[in-house]
2 protein chains.
Amino acid sequence: MLADAFSHTSPIAPLLLSIVVIILTARLGGSLAESVGQPSVLGELLAGVLLGNLTLLGFHQLEFLRVDWTHQTTLDLKDAKHCAGVAIDALAQLGVLLLLFQVGLENSVTRMFRVGLSSLFVAILGILAPFMLGMASAYVLLPSAGWPLHLFLGAALCATSVGITARVFEDLGQSDAIEAEIVLGAAVIDDVLALIVLSVVQGMILTLGSGSSTSTIDAVPLLLITAKAIGFLVLAILLGPRISRQLFKVASILHGRGLLVCSALVICFGFAWAASLAGLAPLVGAFAAGLILERVQYRELIAREHRPLHELLRPIADFVVPIFFIMMGFRVDLSSFADVRVLWLAAVLTVAAIAGKIICGWGVQQPGVNRLTVGLGMIPRGEVGLIFAGIGLSLRVNGQPLLDAATFSALVITVMLTTVAVPPLLKWSLTRRKPPSASS
Amino acid sequence: MLADAFSHTSPIAPLLLSIVVIILTARLGGSLAESVGQPSVLGELLAGVLLGNLTLLGFHQLEFLRVDWTHQTTLDLKDAKHCAGVAIDALAQLGVLLLLFQVGLENSVTRMFRVGLSSLFVAILGILAPFMLGMASAYVLLPSAGWPLHLFLGAALCATSVGITARVFEDLGQSDAIEAEIVLGAAVIDDVLALIVLSVVQGMILTLGSGSSTSTIDAVPLLLITAKAIGFLVLAILLGPRISRQLFKVASILHGRGLLVCSALVICFGFAWAASLAGLAPLVGAFAAGLILERVQYRELIAREHRPLHELLRPIADFVVPIFFIMMGFRVDLSSFADVRVLWLAAVLTVAAIAGKIICGWGVQQPGVNRLTVGLGMIPRGEVGLIFAGIGLSLRVNGQPLLDAATFSALVITVMLTTVAVPPLLKWSLTRRKPPSASS
């Protein structure tokens, strides 16, 4: 306890303060949203936007939270604020994994397969439609930009970030609705397809864009990426239940407290890690982990804890999940809305992005499913879109960056709008009477 | 979800893997310890020692966890492993705060005051005795080293790290025992006293050690440090309950889920932050926060959550608390046990360190208290001792570093032994019949 005699404030002081600030704003924002009949995640997003744009009001004390593992290169560990930024980012990432794990728990593999065909068609349509629409609008608005940019903007609109949708379904207590199953299943397939599209497009831009005449793309790495991704999903579904059953069996003979929640976290984070090894998003792994867990596997442990797993996970999720959505909002840069030319491009891309995903709702095979809800659920681009926009900045065609600042901002705005628009739209669509198209 | 198409493994992959590894080893270690009748924290510590010394077996994959905010200077954020190290360290720090908060919840300010006098005497004896013994043994073993080192080694043995003790009392379900109250109260006072001793000793070493003739130490900063520390404790006890009552009142009118656990975390981390501002250890703040919280303050919220606060905190604690003790063990460097000369010095210092704190148990005023338990509870130096040893390395006398490598290692070994020895000793002392001295 003596450290502080010298550094006077403890190295974790900034972390503690940021956690306090984030929890408070998340709770106030979420509560306000609910009080006007919106899902609390919308309030958390907007509260995050507010926190992240206090710089516009000359308040810069929270800028250290903008630390981003994937972008910044080095940081001064003597500066505890940087560590706080990294730690908050880590808590946010763990938060979204826990959320997808919880949603997975409320569904099961068998139920997912029941809607598998719908998910497949929704995912395929959800890639094709935004791709076409994105390319078309890019071609119309920026004819002189050349096809690599058209291609990239088309691909950029394929992204799907299911975190928001999962959270809205959870906020409305409909995580086990058939629409939720279809969207989540589609998001998993979408993740595999997006991986492929992204690789192809990048390959084409790098080979052709660099002026080389040959249009051949090396198919081997492409097949490898695809095989790894699909391989993970197959293994997770086939071996996953055995692995978890074994883990719970071991845990149930151990001494100690909290073994159920710890075993569950090991499975959740373990699967997320495995997914990332397969080149998939960790949250695909966390969702898969939730899917394959069945109560029967941990009956003994429930008996010891006197409490079902989802109740044990809730306090942890109540703590970390809002951190993810606050930080997602935090990264929204309102100043990018200043440029009219940017706004115009953003508006068109946003329409394409939304239309493209709404269309995919008609990939649903089952009768009696609210296709609009499914389509709306596929709209958010979230952190995936931001990551993709960042990749666009790093790509160069004939030495020139593929994206100029304006196009990048437009893409970022599109991502923001598709993300923030979904909670209210989804809430409206879930609570209104089903349209004729769905009851057919 | 597309990030991975390029970085192929997600930036949080190393974090996920380390969490999985840490949870598994903590659980296995804890279970083994319990199966041989020891507190599980001992097993977690030893499991941590094992993980941290795999390098001796040529396994270096976990070295990135050695990232330490207070020691390392910069880190490469492109290297996700460094971020994982920072994040794990952060989780460990939050873990020990939660632990002290939980222990605080099981006690109350009024009960702490009931044993206040005992705590005060225990704390004072717990500073004086180790200081004298430490200086004496340093003087005998290293007569030529000069008084600054003697002084420093004496002061180094004053440190108290109450995390281990709190955890042992919790493992044995005796967090509300009078011995626990006295030790924890003493630890809080000890933190203030140690702050003063440390400042005085450093001042003397810097002024005198540097060869300057005047032995005057500027009293103003010293008084300031003391005033801030005491000021925080007084304010926390006087205003704390009002602040928390107001926060809970606001929370109870908010919409949303998990408001009780989030409000509690805000108070825990908020007080910890305030304590660090006052130059105290954050865990003193977290403990104070737990002390001042009373059920009456959050009656409405309990009614909404249908569950008491300590049950909501348990899953979070079950996840993060073991991370702290694993990492504490992780930092134990077994290779430092190789040098016989070092071991000899370490042995003597350890005897002084243990004897000094056992003596302080006789500061207890109440009859019927197990004085030996109190003394044993004050023994652990833990992370505080390590931090102090690090400070010793940074001090220079006439241009020479105060501590040479051998003395530093000896000090570190002393810290380790005092830390690892306590769980079994405390368990033995708590479960055996009270000695005559206690029933007087």
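Everything numeric here is computed off the predicted structure, so don't read it as measured data. All chains use their own residue numbering, which begins from 1 and follows the written sequence. Chains and ligands are labelled sequentially in the order written, the chains with letters from A and the ligands with numbers from 1. Residue-level local features of this predicted model are given only where pLDDT is at least 70; pairs of side-chain atoms are given and counted only at 80 or more, and the full residue set underlies all totals for whole chains, interfaces and linings. Excluded from the side-chain calculations are hydrogens and water; all other atoms, namely the structure's heavy atoms, are used.

Asker: Is there a simple way to think about the overall build of chain A in this case?
Answerer: In terms of helices and strands, chain A carries 19 helices and 3 strands. Considering only contacts within chain A whose residues lie at least 6 apart along the sequence, 79% involve residues at least 24 apart. About 16,000 Å² of surface is accessible on chain A, with carbon and sulfur atoms providing 69% of the total. Secondary structure elements are taken from DSSP: a helix is a run of H or I of four residues or more, a strand is a run of E of two residues or more, and numbering for both begins at the N terminus. The contact criterion used throughout is that any non-hydrogen atoms of two residues lie within 4.5 Å. Per-residue and other accessible areas were derived by the Shrake-Rupley procedure at a 1.4 Å probe size, with only the shown protein chains allowed to occlude residues.

Asker: Even after reading the chapter, I still don't get a nonpolar patch on the surface, so can you show me in this structure?
Answerer: For patch detection, residues must exceed 30% relative accessible area and be free of salt bridges, and they are connected within 9 Å for like charges or within 5 Å for nonpolar side chains (Val, Leu, Ile, Met, Phe, Trp, Tyr). Any carboxyl oxygen of Asp or Glu that lies within 4 Å of a side-chain nitrogen of Lys or Arg is treated as forming a salt bridge with it. There is a patch of nonpolar side chains on the surface, built from Phe113, Ile230, Val234, Leu235, Ile237, Leu238, Leu239 and Ile243 of chain A and spanning about 740 Å² of accessible area. Structurally, Val234 of chain A can be placed in helix H10 (residues 219-253).

Asker: Would you take a moment to explain the pattern of salt bridges for this structure?
Answerer: Here the idea is simple: oppositely charged side chains can pair when their charged atoms come close. Counting across every chain of the model gives 16 salt bridges over all chains. In this structure, Arg114 of chain A and Glu181 of chain A form a salt bridge, with 3.8 Å as the shortest nitrogen-oxygen distance. Of this pair, Arg114 of chain A sits in helix H5 (residues 109-114) while Glu181 of chain A is found in helix H9 (residues 178-209), placing the two residues 67 residues apart along the sequence. Partly exposed residues are those whose accessible area sits between 20% and 50% of the maximum for their type, while under 20% is buried and over 50% is exposed, using a 1.4 Å probe and protein chains only. Overall, Arg114 of chain A belongs to the exposed group, its relative accessible area being 52%. On the basis of relative accessibility, which here comes to 0%, the residue Glu181 of chain A falls in the buried class. In this structure, Glu170 of chain B engages Arg257 of chain A in a salt bridge whose closest nitrogen and oxygen atoms are separated by 3.8 Å.

Asker: Got a minute to help me understand the side chain of Asn53 of chain B in this structure?
Answerer: Residue and element names in this part refer to chain B. Looking at the secondary structure, you find Asn53 in the loop between helix H3 (40-52) and strand S1 (74-76). Taking the relative accessible area as the measure of exposure, Asn53 reaches 7% and is therefore buried. A distance of 2.7 Å separates a polar side-chain atom of Asn53 from the backbone oxygen of Val49. Discounting residues that sit within four places of it in the chain, Asn53 has contacts with Val332, Asp333, Leu334 and Ser335. We define a polar contact as two N or O atoms separated by no more than 3.5 Å, with the added condition that, inside protein, one atom must be a possible hydrogen donor and the other a possible acceptor, whereas residues neighbouring each other in sequence contribute only through side-chain atom pairs.

Asker: What should I look at first to understand helix H12 (residues 282-292) of chain B in this one?
Answerer: For the α-helix, the turn length of 3.6 residues means that residues three or four positions removed from each other point alike. For H12 of chain B, the tally of buried residues reaches 11 of 11 residues, placing the bulk of the element in the interior. Of all the residues in H12 of chain B, the buried ones are Pro282, Leu283, Val284, Gly285, Ala286, Phe287, Ala288, Ala289, Gly290, Leu291 and Ile292 of chain B.

Asker: How should I be thinking about unusual backbone geometry in this particular structure?
Answerer: Leave glycine aside and you will find that most residues have negative phi; peptide bonds, for their part, are mostly trans. All names here are of chain A. Positive phi, normally seen in glycine, also occurs at His306, with a value near 55 degrees. Structurally, His306 can be placed in the loop between helix H13 (299-305) and helix H14 (309-330). Overall, His306 belongs to the exposed group, its relative accessible area being 64%.

Asker: Explain the packing of aromatic side chains here, please?
Answerer: For any pair of aromatic rings, the description rests on two quantities: the centre-to-centre distance and the angle between the ring planes. Think of it this way: a Phe, Tyr or Trp ring, Trp meaning its six-membered ring, pairs with another when their centres are within 6.5 Å, and the plane angle makes it stacked under 30 degrees, edge-to-face over 60, tilted otherwise. For the structure shown, the criterion picks out 6 aromatic pairs over all chains. Ring geometry for Phe269 of chain A against Phe319 of chain B: centres 6.2 Å apart, planes inclined by 35 degrees, an arrangement best described as tilted. On the criterion of chain membership, the pair formed by Phe269 of chain A in helix H11 (residues 259-277) and Phe319 of chain B in helix H14 (residues 309-330) is interchain, its members lying in two chains. For Phe319 of chain B, a relative accessible area of 7% corresponds to the buried category. Ring geometry for Phe324 of chain A versus Phe325 of chain A: centroids 5.1 Å apart, planes at 85 degrees, classification edge-to-face. Given the relative accessible area of 6%, Phe324 of chain A is considered buried.

Asker: Can you walk me through helix H11 (residues 259-277) of chain B in this structure?
Answerer: The length a helix should cover is 1.5 Å for every residue beyond the first. The end-to-end C-alpha distance of H11 of chain B is 26 Å, a good match for the 27 Å that 19 residues give at a rise of 1.5 Å each. Gly279 of chain B, located one to two residues past H11 of chain B, shows a positive phi value of around 85 degrees.

Asker: Got a minute to help me understand the confidence of the model for chain A in this structure?
Answerer: Close inspection of predicted coordinates is inappropriate for parts of the model with low pLDDT. Mean pLDDT over chain A works out to 83, with 90% of the residues at or above the 70 mark. Prediction confidence for the complex, expressed as pTM and ipTM, is 0.85 and 0.84 respectively. A residue's pLDDT is simply how confident the predictor is in it, with values from 0 to 100.

Asker: Can you walk me through the side chain of His150 of chain A in this structure?
Answerer: Residue and element names in this part refer to chain A. Tracing the backbone through its elements, the reader meets His150 in helix H7 (residues 147-156). On the basis of relative accessible area, His150 is assigned to the buried category, the value being 4%. Sequence-distant contacts of His150, defined by excluding residues within four places in its chain, comprise Met135, Ala138, Tyr139, Leu142, Pro143 and Ala145.

Asker: Explanation requested: the state of the cysteines in the structure shown.
Answerer: Each disulfide consists of a covalent bond between the sulfur atoms of two cysteine residues. Whenever a pair of cysteine sulfur atoms sits within 2.5 Å, that pair is classed as a disulfide. For the structure on display, the rule yields 0 disulfides over all chains. Of the cysteine sulfurs around Cys83 of chain B, a residue in no disulfide, the closest is that of Cys83 of chain A, at 9.5 Å. Looking at Cys262 of chain B, it has no disulfide partner, and the nearest cysteine sulfur is the one in Cys268 of chain B, 12 Å off.

Asker: I tried to follow the environment of Phe121 of chain B on my own but got confused; where do I start?
Answerer: All names here are of chain B. Within the fold, Phe121 resides in helix H6 (residues 116-141). Phe121 gets classed as partly exposed once you look at its relative accessible area, which sits at 34%. When the C-alpha positions of Phe121 and Val234 are compared, they lie 19 Å apart, and in sequence the two are 113 residues distant. Not counting residues up to four positions away in its chain, the partners in contact with Phe121 are Gly363 and Gln365.

Asker: Is there a simple way to think about the packing of helix H2 (residues 13-35) of chain B against helix H4 (residues 80-105) of chain B in this case?
Answerer: Helix packing geometry: the angle between the two helix axes and the distance between the axes. All names here are of chain B. Axis definition: a line fitted to C-alpha atoms, over the contacting stretch in the case of helices. Angles run 0 to 180 degrees between N-to-C directions. The geometry of H2 relative to H4 is characterised by a closest axis approach of 8 Å and an angle of 45 degrees between their N-to-C directions. On the basis of their axis angle, the class for H2 and H4 is oblique. Judged by the sense of rotation from one axis to the other, the crossing of H2 with H4 is right-handed. Every residue of H4 that contacts H2 at Pro14, Leu15, Ser18, Ile19 and Ile22 is listed here: Ala80, Lys81, Ala84, Ala87, Ile88 and Leu91. Oblique is the label for any angle not covered by the other classes, which are roughly parallel (under 35 degrees), roughly antiparallel (over 145) and roughly perpendicular (65 to 115). In a left-handed crossing the near helix is turned counterclockwise from the far helix by less than a right angle, and in a right-handed crossing that turn is clockwise.

Asker: Sorry if this is basic, but what is going on with the packing of H6 of chain B against helix H15 (residues 340-360) of chain B here?
Answerer: All names here are of chain B. Between H6 and H15, the least distance of the axes is 7 Å, while the angle of their chain directions is 155 degrees. As the angle between them shows, H6 and H15 are arranged roughly antiparallel. The handedness of the crossing between H6 and H15 comes out as right-handed. Contacts between H6 and H15 involve Val122, Leu125, Gly126, Ala129, Pro130, Leu133, Gly134, Ser137 and Leu141 from the first element and Trp344, Leu345, Val348, Leu349, Ala352, Ala355, Gly356, Lys357, Ile359 and Cys360 from the second. In the scheme used here, Gly and all other residues not listed as nonpolar or charged are polar, with Ala, Val, Leu, Ile, Met, Phe, Trp, Tyr, Cys and Pro taken as nonpolar and Asp, Glu, Lys and Arg as charged. Considering only residue class, the contact of H6 with H15 consists of 14 nonpolar, 4 polar and 1 charged.

Asker: Any chance you could explain the environment of Ile358 of chain A here in plain terms?
Answerer: All names here are of chain A. Considering the arrangement of structural elements, one finds Ile358 in helix H15 (residues 340-360). Given a relative accessible area of 23%, Ile358 falls into the partly exposed group. Between the C-alpha atom of Ile358 and that of Pro130, which follows or precedes it by 228 residues, the distance is 9.5 Å. In this structure, Ile358 is in contact with Leu372, Gly375, Leu376 and Ile379, ignoring residues within four places of it in sequence.

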